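Chain by chain, the residues:
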Amino acid sequence: MARNSNLCVPADRDLREEAFIHQSVGYWASLLARSMEAEFGHRLAPYGLTRMSYAVLGAMVFDGKSTPSGIADFLRVDRGAVTRFLNRLEAKKLIERERGTGDRRSVAIIVKPEGEALAKELQAHSRAVNARFTADLGPEGAGKFVDLVKAMLAHADTRPDSL
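Computed from a predicted model, the values in this text were never measured in an experiment.

## A look at the side chain of Ser53
Alright, step 1. Checked against the element boundaries, Ser53 lands in helix H3 (residues 51-61).
Alright, step 2. Within the local environment of Ser53, its side chain forms a polar contact with the side chain of Thr50, the two groups lying 3.1 Å apart.
Alright, step 3. The residues touching Ser53, leaving out its near neighbours within four places in the chain, are Phe85 and Leu89.

Laid out in structure tokens, this is it:
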């Protein structure tokens, strides 16, 4: 095996073939997302919440979303996934559901004071993770990065089940 840049490559293999993954935007985007998810998940664990639970709670507290479909559209995830996370938040007594008076199928989500306080506390953790990962970019670079990601996502044909 030939050794090159910390990669072990069989002598009969082309190094460019081995390094192709390192030239993939998808690889780097996935690695970044998983790294940020892991760090934020670690910070959320003591509170018994997941990233998706926090995203759902945050959509209600910070962005005024109050229906399952409104939350799903806002987060760009499947409505069924949102319903599962609402069930978990309700079990933790952070939210409650209120049925519509005219149409029993309509549901409004009410964030309890405990849920609002927790969302605000966890927002500091979210901001800290984002600040850590964008420290070398500066505000302008971070803004450009978000714009590039949005442009790439405009070409997505499917929605993820969860964040």
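Back to the write-up after that little detour.
## Thoughts on the packing of H3 against helix H5 (residues 79-91)
Alright, step 1. For the pair H3 and H5, the least separation of the axes is 9 Å and the interaxial angle reads 85 degrees. Taken together, H3 and H5 sit at an angle that is classed as roughly perpendicular. Mapping the contact onto sequence places Met52, Ser53, Val56, Leu57 and Met60 in H3 and Val82, Phe85, Leu86 and Leu89 in H5.
Alright, step 2. Residue classes in the contact of H3 with H5 are distributed as eight nonpolar, one polar and no charged.

## Quick notes on helix H4 (residues 68-75)
Alright, step 1. Within the span of H4, buried status applies to Pro68, Ile71, Ala72 and Leu75. An end-on view of H4 places all buried positions within 100 degrees of arc, on one side of the element.
Alright, step 2. Buried-residue contacts for H4 involve H3, H5 and strand E4 (107-111).
Alright, step 3. Looking one or two places after H4, you find Arg76, whose phi comes out positive at around 60 degrees.

## Side note on the packing of aromatic side chains
Alright, step 1. Throughout the structure, instances matching the rule amount to two aromatic pairs.
Alright, step 2. On the basis of an interplanar angle of 80 degrees and a centroid distance of 4.9 Å, the ring pair of Tyr27 and Trp28 is categorised as edge-to-face.
Alright, step 3. Exposure remark for Tyr27: the relative accessible area of 25% places this residue in the partly exposed category.
Alright, step 4. Between the aromatic rings of Phe40 and Tyr54, the centroid separation amounts to 5.4 Å while the plane-to-plane angle is 75 degrees, which identifies the pairing as edge-to-face. With a gap of 14 residues between them, Phe40 in helix H2 (residues 25-44) and Tyr54 in helix H3 connect regions that are remote in the sequence.

## Observations regarding the nonpolar core
Alright, step 1. Val56, Met60, Ile71, Leu75, Leu86 and Leu89 are the most contacted members of the largest nonpolar core, which totals 26 residues.
Alright, step 2. Contributing elements (two or more residues each) for this core: H2, H3, H4, H5, E4 and helix H6 (113-134).
Alright, step 3. It is H3 that provides the largest number of residues to this core, a total of seven residues.
Alright, step 4. Setting aside residues no more than four positions away along its own chain, Met60 makes contact with Lys65, Ile71, Leu86, Leu89, Ile95, Ile109 and Val111.

Parameters at a glance
- Residues numbered from 1 in each chain as written.
- Predicted model: local features only at pLDDT ≥ 70, side-chain atom pairs only at ≥ 80, totals over all residues.
- Heavy atoms only, no water.
- Helix = DSSP H or I, 4+ residues; strand = E, 2+ residues; numbered from the N terminus.
- Polar contact = N/O pair within 3.5 Å; in protein donor to acceptor, adjacent residues only side chain to side chain.
- Contact = heavy atoms within 4.5 Å.
- Axes fitted to C-alpha atoms, helices over the stretch in contact; angles between N-to-C directions.
- Parallel < 35°, antiparallel > 145°, perpendicular 65-115°, else oblique.
- Nonpolar A, V, L, I, M, F, W, Y, C, P; charged D, E, K, R; others polar.
- Buried < 20%, exposed > 50% of the residue type's maximum accessible area, 1.4 Å probe, protein only.
- Arc of directions from axis to C-beta.
- Phe/Tyr/Trp six-rings, centres within 6.5 Å; stacked < 30°, edge-to-face > 60°.
- Core = buried A, V, L, I, M, F, W, Y, C linked by side-chain atoms within 4.5 Å.

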